[in-house]
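Notes for the structure review
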Amino acid sequence: MQTIKTSTYSTPAKTFHWLTVLLLVIQYSIGWLMPDVHRDTQPIGLISWHLSIGALIVLLVLLRLSWRWTHPTPPEPQMLSPRLKRIARVTHWLLYFLLLAFPLMGWANASSRGWPVSLFGVLPLPPLSSKGAQLGHTLGDMHQLFAWVLIAVVALHVAAALYHHFIVKDDTLRRMLPGN
Ligand code: HEM
Ligand code: HEM
């Protein structure tokens, strides 16, 4: 079957994308491996890594979004129907929203526990809620729930990418892969 030629994502866009994927894999592993968090838990060891890598993900996504707003993305594959294009666009913006909202919930939870959040102990970051705030605790419960919401949306996104590559056989996945 003939493949549709499309321009690829730029190197910075690809780097942002795959760096985010890598950090998410590390962050989920730490989130599930770190000790259960109780009232007297101290933010040390794996928990401390979770806070720093989480904050790094927030900063990376902010940087990625500012970069995206100032640099055009390649045109969508021509053979996609307007409806599929809309679904792809909505999924991407949902992913960006979750990539910000979900870690910020964890951050607010850390602040409500009185845990300082910093980038690896070098750059202190502001608290997102006051110590003992009920909202921070509620957002912590939502952080646990949204971990699964993000996984569900990513699963849909990955399934769509694989569908394009193996069933439709177009360039959708290739244009996000390293190289040309
Ligand atoms: C995208 C980035 C993040 C991912 C993928 C992630 C993932 C997770 C996961 C899988 C858990 C365990 C949930 C469970 O036990 O069911 C967790 C818990 C937690 N995360 Fe995150 N997290 C992220 C960002 C952050 C950030 C930025 C902070 C704070 C600065 C944070 C603070 C916490 C805290 C305090 C808990 C324990 C919540 C509790 O048990 O009450 N997370 N996270
Ligand atoms: C781990 C979580 C992932 C997240 C959070 C994520 C997020 C995103 C986002 C936000 C975009 C939109 C880029 C833009 O135009 O601004 C995107 C594009 C893309 N992602 Fe992912 N992605 C993830 C994993 C993957 C994986 C594992 C694959 C491959 C199997 C993949 C394949 C693609 C492709 C092919 C595009 C371009 C889609 C298009 O041009 O319409 N992503 N991703």
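Residues numbered from 1 in each chain as written. Chains lettered and ligands numbered in written order. Predicted model: local features only at pLDDT ≥ 70, side-chain atom pairs only at ≥ 80, totals over all residues. Heavy atoms only, no water.

What follows covers the coordination of the iron atom of ligand 2. Each donor-metal-donor angle would ideally measure 109.5 degrees in four-coordinate tetrahedral geometry, or 90 or 180 degrees in six-coordinate octahedral geometry. At the metal site, the iron atom of ligand 2 is ligated by His17 (NE2) and His157 (NE2), and these contacts range over 2.0 Å. Taken together, the six donor atoms coordinating the iron atom of ligand 2 and their angles of 88 to 179° define a geometry best described as octahedral. Here His17 is found in helix H1 (residues 11-33), whereas its partner His157 is found in helix H4 (residues 134-168), with 140 residues between them in sequence. A residue is classified by how much of its surface remains accessible, and His17, at 14% relative accessible area, is buried. (Donors = N, O, S within 2.8 Å, 3.2 Å for Na, K, Ca; no water. Tetrahedral: all angles 85-135°; square planar, octahedral: opposite > 155°, others 65-115°. Helix = DSSP H or I, 4+ residues; strand = E, 2+ residues; numbered from the N terminus. Buried < 20%, exposed > 50% of the residue type's maximum accessible area, 1.4 Å probe, protein only.)

With that settled, consider the packing of aromatic side chains. Two descriptors summarise a pair of aromatic rings, namely the distance from one centre to the other and the angle between the planes of the rings. Inspection of every chain in the model, using the stated rule, returns seven aromatic pairs. Taken together, a centroid distance of 6.3 Å and an interplanar angle of 55° make the contact between Phe16 and Trp67 tilted. Taken together, the residues span a long stretch of sequence, with Phe16 in helix H1 and Trp67 in helix H2 (residues 46-70) at a distance of 51 residues. A relative accessible area of 13% places Phe16 in the buried class. One aromatic cluster is present, built from ring pairs that chain together Tyr28, Trp32, Phe102 and Trp148. Positioned over the ring face of Trp115 is Arg113, at 5.5 Å from the centre of the ring. (Phe/Tyr/Trp six-rings, centres within 6.5 Å; stacked < 30°, edge-to-face > 60°. Lys NZ or Arg CZ within 6 Å of the ring centre and 35° of its normal.)

Bringing the environment of Ser48 into the picture now. Its location among the elements puts Ser48 in helix H2. In this structure Ser48 comes out as partly exposed when scored by relative accessible area, which is 30%. For the pair Ser48 and Ile30, spaced 18 residues apart in sequence, the C-alpha to C-alpha distance is 10.0 Å.

On to the side chain of Gln27. Position of Gln27 among the secondary structure elements: in helix H1. Those residues within four positions of Gln27 in sequence are excluded, and the remaining contacts are Trp49, His50, Ile53, Gly54 and Ile57. (Contact = heavy atoms within 4.5 Å.)

A word on the layout of surface pockets. By volume, the largest pocket is sized at about 1,300 Å³. If you go around the largest pocket, you meet 45 residues; those closest to its centre are His17, His92, Leu95, His157 and Met176. Those elements giving two or more residues to the lining of the largest pocket turn out to be H1, H2, helix H3 (82-112) and H4. Considering only enclosed or pocket space, the second largest pocket measures out at about 780 Å³ in volume. Every residue lining the second largest pocket is counted, 33 residues in all, and those nearest its centre are Gly31, Met34, His50, His143 and Gln144. Elements with a contribution of two residues or more to the lining of the second largest pocket: H1, H2, H3 and H4. (1 Å grid on protein atoms, 1.4 Å probe; cavity = no way out; pocket = protein on both sides within 12 Å on 5 of 7 lines; lining within 4 Å. Points joined across faces, edges and corners; volume = space filled by probe spheres on them.)

The next thing to look at is the site of ligand 2. Around ligand 2, 20 residues are found, and the nearest of them are His17, Arg68, Tyr96, His157 and Arg175. Tyr9 is positioned such that a nitrogen or oxygen atom in its side chain is 3.0 Å from an oxygen atom of ligand 2. Take His157: an N or O atom from its side chain is 2.8 Å from a nitrogen atom of ligand 2. Counting atoms within 2 Å of the grid points, the majority share of ligand 2 lands in the largest pocket. (Near = heavy atom within 4 Å. Polar contact = N/O pair within 3.5 Å; in protein donor to acceptor, adjacent residues only side chain to side chain. Sits in = over half its atoms within 2 Å of the grid points.)

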